Structure formats: structure tokens, C-alpha cells
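Understanding the architecture of this molecule
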Amino acid sequence: MSGTRGLRRTSLLVAALGALVVVTACGSGGGGGGDDEGDGRTIRIAYQAFPSGDLIVKEKGLLEKALPDHTIKWIKFDSGATINTAFVAGSVDLAAIGSSPVARGLSEPLNIPYKVTWVLDVAGDNEALVARDGSGVEDVEDLAGRKVATPFSSTSHYSLLAALDRSGVDASKVQLLDLEPQDIVAAWSRGDIDAAYVWLPTLDELGKTGKTLVSSRELAAAGKPTLDLGVASTAFIEKQPEVITAWRKAQAQALDLIHDDPSAAAEAVGRQLGISPQDAAAQLKQGIFLKPADQSDAKWLGRPGRVGGLAENLRSAAEFLAGQKQIPAAPELTELEKAVYVEGLSDAVTG
């Protein structure tokens, strides 16, 4: 994407966000619970339909069991960009969101007051760039002049730009289309696009009639890793830190299930995605899931007084986005370190 188009998009985004602060944001499954804000007993969680421990927490009602005196509202979203919009509108408290939209959200012009509380997964083969059969695209270099779809401001968008950059393809020479996953499937089936960078389960659908050109696992090995993160609004953390602890413990239970009882994990994820346990198991294997104790490792969130490498990861993502004219500038590392919430983490994952 050229610098001019990137800046134009930023201006449009700021205008759109301003309007949504008034009307309240919504996800694909309905509006955020703005009317519940401040009641102290309703927790509004933004989730996405990709294979993760977050879906296990939802399916098994782990948070509802841990917090019986709270009302848990699960609100479905299709991408990190729409979740960022919801945070700006004050419509959600917690969310599952990719590292690239988090880096964008913590940067100007958004400057969203939220913090990272968990690493849901590290993207592997569960996100990839796929070319449609019959498109004539055989490698990334062939994408110049072609129509390529991805949800803008997502980890897939970030990875697509990284893949083009790595292959020496000028992104401004590619016809980039901002489409949500379900719209990508429709455009793909009509032959309106030549390729797409997207995540599971949409990725599996495209793979039936397409060829994988590069995966996020390959890009991670080349120095451009992406992650799915748990974030919470700063105000919510300050008001209800005990909820964050309960949420982390529920996520830790889900990670343990993925590692210790993959069949049970696949059954839960399959029910949430509407697919068979066998398909869910195959999709879970394509992601990289940490052990709960790894969350406080120096490579990831870290510990009080010693924030881990996640802040560096967010800084790298923000610098890349700034270089691609997606944001004006990357925040300082010290600012990103403040956006990684490590208080109580060790107790949550070991207790």
C-alpha cells in the first residue's frame, strides 16, 4: 500500500472511530454492551472464531464457573480491527486479538488504553497466504498487479505485507482488498480475488481450491512472528484485578487441556466452530500453544520489574507498520512495556 493510501485510510479510520464512540461498536454477532459499562458485574468479552484456548474457556463455561456472581457476555468479532473499534467505543472489557492490531491500537492515532494480559497462541500454519487454483499465481512474486484480500489491521494483513516485503514485491503494486473472512470466501468462490492471507478455519476452506504460498510459521522463522493475545482495558484491570486473575486461570486450564487431553480440547473447539472434532484437532495442531508457566517467561510476558520479550515483539510490529505507512510512528519501547500487564501473572499460572 502506498504512503498516500495509508495516510488516507488512517484519516478515515479516525473519523469512523469518532462516530462509533457515539453510537457504540458492534461485532459480527451483535452490539457491544455499552449499557452495562460500570455496573461492576457484567464482563464483556470480545472473541474470535479461530482455534484457541479462548474457545475452550467459552465452550466449557470456565469463567462463568469461576465468577458465578458476574454476568459474562461473549461478543463475536471477525477481526482485530473491529475489536479495536469496540475498545475505543468502550464496548468491551477483555478480548482475544492479534499482536499486529494490538501494536496498532497502542500507537497513534488510536492510543487505546488497554494492556496485554495473556499469550493465546503463536501463529504457525494456522495463518497463511493462499493462491486460488487457476489464478496463475505460483509464488509471492506473481502477486504484483493481482487482487489479494485480507482483513486490514489484522495479523494476516501484517504478515501479508511482511511476505511481500520479503519477496521484494512493492505492496503499492498489489491490489489489496480489505475483506473479513466470510467475505473472502465469497469473493474467492466467485473468482473475484487471486489470493488471500487469512486464518483458520477460513484458511482450510480456501485450501481446498488453492495453494499455500507462505505461512506465518515461515515468516516467524524469518523474524516476523505474530501472536494472538489476550488484552483488557486499563480501567477494567484497575477496577477488577481479581477478574483478570480468574480469566488467566481459566485460560491456563484451556492450555493444559490442549496439551494434556487434545481430544477433549478438539471436541470443545469443534463445537464452537461447528466442525468435527477431527477437523478441530487438525487445526489446533497448526498453531503453537505455550504451556501456562511459559507465560511469565522472559521470552513472553515476563515478571514484575522485568517485562518480557513481548514488548519487543510489539515494538518490532509497530516499526514495521510505521515503515509501511500504516501508522505515523512506533511507540517507544518503554511505553509498550507499560502495556504488558504482568502483576499477578505467576500466581495465576502456577496457583
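Residues numbered from 1 in each chain as written. Predicted model: local features only at pLDDT ≥ 70, side-chain atom pairs only at ≥ 80, totals over all residues. Heavy atoms only, no water.

Structural notes on the sheet that holds strand S10 (residues 195–199)
Sheets are built from strands that pair by backbone hydrogen bonding, the pairs being arranged parallel or antiparallel. Stated formally: Here the rule is simple: two strands pair whenever DSSP picks up at least two bridges between them. The helix count covers DSSP runs of H or I at least four residues long, the strand count covers runs of E at least two residues long, and both are numbered beginning at the N terminus. The angle between two axes is taken between their N-to-C directions and runs from 0 to 180 degrees, where each axis is a line fitted to C-alpha atoms and a helix contributes only its stretch in contact. In this analysis, two residues are considered to be in contact whenever any of their non-hydrogen atoms come within 4.5 Å of each other.
Strands sit in the order S9-S8-S10-S7-S11 across an open sheet of five strands; the sheet is mixed. Unpaired on one side and paired on the other, strand S9 (175–178) and strand S11 (210–215) mark the two borders of the sheet. Strand after strand, the sheet turns through a mean of 25 degrees between neighbouring axes, direction not considered. Here strand S8 (residues 147–150) runs beside S9; their pairing, made up of four bridges, is parallel. Bridge assignment links Thr150 to a residue of S9, and that residue is Asp178. The strands touched by helix H6 (residues 155–166) within the sheet are strand S7 (127–132), S8, S9, S10 and S11, with S10 carrying the most contacts at an inclination of about 135 degrees. Relative to S10, helix H7 (residues 181–190) is tilted by about 150 degrees, and along the sheet it contacts S7, S8, S10 and S11.

Comments concerning the pattern of salt bridges
Spelled out, the test is: Salt bridges are identified by distance alone: a Lys or Arg side-chain nitrogen within 4 Å of an Asp or Glu carboxyl oxygen. For every residue, the accessible area (1.4 Å probe, protein chains only) is compared with the maximum for its type, and the residue is labelled buried under 20%, exposed over 50%, or partly exposed between those bounds.
Here the structure, examined in full by the defined rule, presents 11 salt bridges. Where Glu319 meets Arg315, a salt bridge forms, and the shortest distance between an N and an O atom there is 2.9 Å. Here Arg315 and Glu319 lie together in helix H14 (residues 310–323), a separation of four residues that amounts to about one turn. Between Glu335 and Lys338 there is a salt bridge whose closest N-O contact spans 3.3 Å. Of this pair, Glu335 and Lys338 both sit in helix H15 (residues 333–338), three residues apart, roughly one helical turn. By relative accessible area, which is 43% here, Glu335 ends up partly exposed. Here Lys338 falls in the exposed class, since its relative accessible area comes to 54%.

Considering the confidence of the model for the protein chain
To be explicit about the condition: In predicted models, pLDDT denotes the confidence assigned by the predictor to each residue on a 0 to 100 scale.
Per-residue confidence for the protein chain averages 90 on the pLDDT scale, and 89% of its residues sit at or above 70. Note on residues 1–36: pLDDT under 50 across the span, and 59 contacts to partners over four residues away in sequence or across chains.

Section: a negative patch on the surface
Formally: Like charges within 9 Å and nonpolar side chains (Val, Leu, Ile, Met, Phe, Trp, Tyr) within 5 Å are joined into patches, using only residues over 30% in relative accessible area that form no salt bridge. Accessible surface is estimated by sampling points in the Shrake-Rupley manner with a 1.4 Å probe; for residues, cover comes only from the protein chains shown. A residue counts as positive if it is Lys or Arg and as negative if it is Asp or Glu; His and the chain ends are not included. The location of each charge is read from NZ of Lys, CZ of Arg, CG of Asp or CD of Glu.
On the surface, Asp256, Asp260, Asp261 and Glu267 cluster together to form a negatively charged patch. Here Asp261 lies in the loop between helix H11 (241–260) and helix H12 (262–273). Residue Asp261 is classed as partly exposed on the basis of its relative accessible area, which comes to 35%.

Comments concerning the nonpolar core
Worth spelling out the cut-off: Residue types Ala, Val, Leu, Ile, Met, Phe, Trp, Tyr and Cys, when buried and joined through side-chain atoms within 4.5 Å, form a set referred to as a nonpolar core.
In terms of nonpolar packing, the biggest core is built from 114 residues, with Val102, Leu129 and Leu314 touching the most fellow members. No other element matches the 10 residues that H11 contributes to this core. Those residues within four positions of Leu314 in sequence are excluded, and the remaining contacts are Ser99, Val102, Ala103, Leu106, Val116, Leu229 and Leu336.

Some remarks on H7
Operational definition: This arc corresponds to the set of directions leading from the helix axis out to the C-beta atoms.
Taken as a whole, H7 has its buried residues at Pro181, Ile184, Ala187 and Trp188. For H7, the angular spread of buried residues about the axis comes to 115 degrees, placing them on one side. Exposed residues lying more than 90 degrees from the buried face of H7 are Ser189 and Arg190. Its buried side turned inward, H7 meets S7, S8, S10, helix H8 (202–207) and S11. Phi turns positive one or two residues past the end of H7, at Gly191, with a value near 80 degrees.

What to know about the sheet that holds strand S5 (residues 94–98)
Reading across the sheet, the five strands line up as S4-S3-S5-S12-S6 and stay open at both edges, with mixed pairing between neighbours. Of all strands in the sheet, those bounded by a partner on one side alone are strand S4 (71–76) and strand S6 (114–122). Adjacent strand axes in the sheet meet at a mean angle of 25 degrees, parallel and antiparallel pairs treated alike. Sheet topology places S5 next to strand S12 (residues 227–233); five bridges connect them, and they run antiparallel. Each residue of the ladder has a partner; that of Ala95, found in S12, is Val231. Along the sheet, H14 makes contact with S6 and S12, crossing S12 at roughly 100 degrees.

Observations regarding the environment of Ala318
In this fold, Ala318 is placed in helix H14. Ala318 gets classed as buried once you look at its relative accessible area, which sits at 0%. Ignoring anything within four residues of it in the chain, the contact list for Ala318 reads Ala103, Ser107, Ile327, Ala330 and Pro331.

With respect to the packing of helix H2 (residues 53–60) against H11
Quick reminder of the rule: Orientation is classified from the angle alone, with under 35 degrees giving roughly parallel, over 145 giving roughly antiparallel, 65 to 115 giving roughly perpendicular, and any other angle giving oblique. Under this grouping Gly is polar, as are all residues other than the nonpolar Ala, Val, Leu, Ile, Met, Phe, Trp, Tyr, Cys and Pro and the charged Asp, Glu, Lys and Arg.
Where H2 contacts H11, the axes come no closer than 8 Å and their chain directions differ by 105 degrees. As the angle between them shows, H2 and H11 are arranged roughly perpendicular. For the pair formed by H2 and H11, the contact residues are Gly53, Asp54, Ile56, Val57 and Lys60 on the first element and Trp247, Ala250, Gln251, Ala254, Leu257 and Ile258 on the second. The residue inventory of the contact of H2 with H11, partitioned by class, reads seven nonpolar, two polar and two charged.

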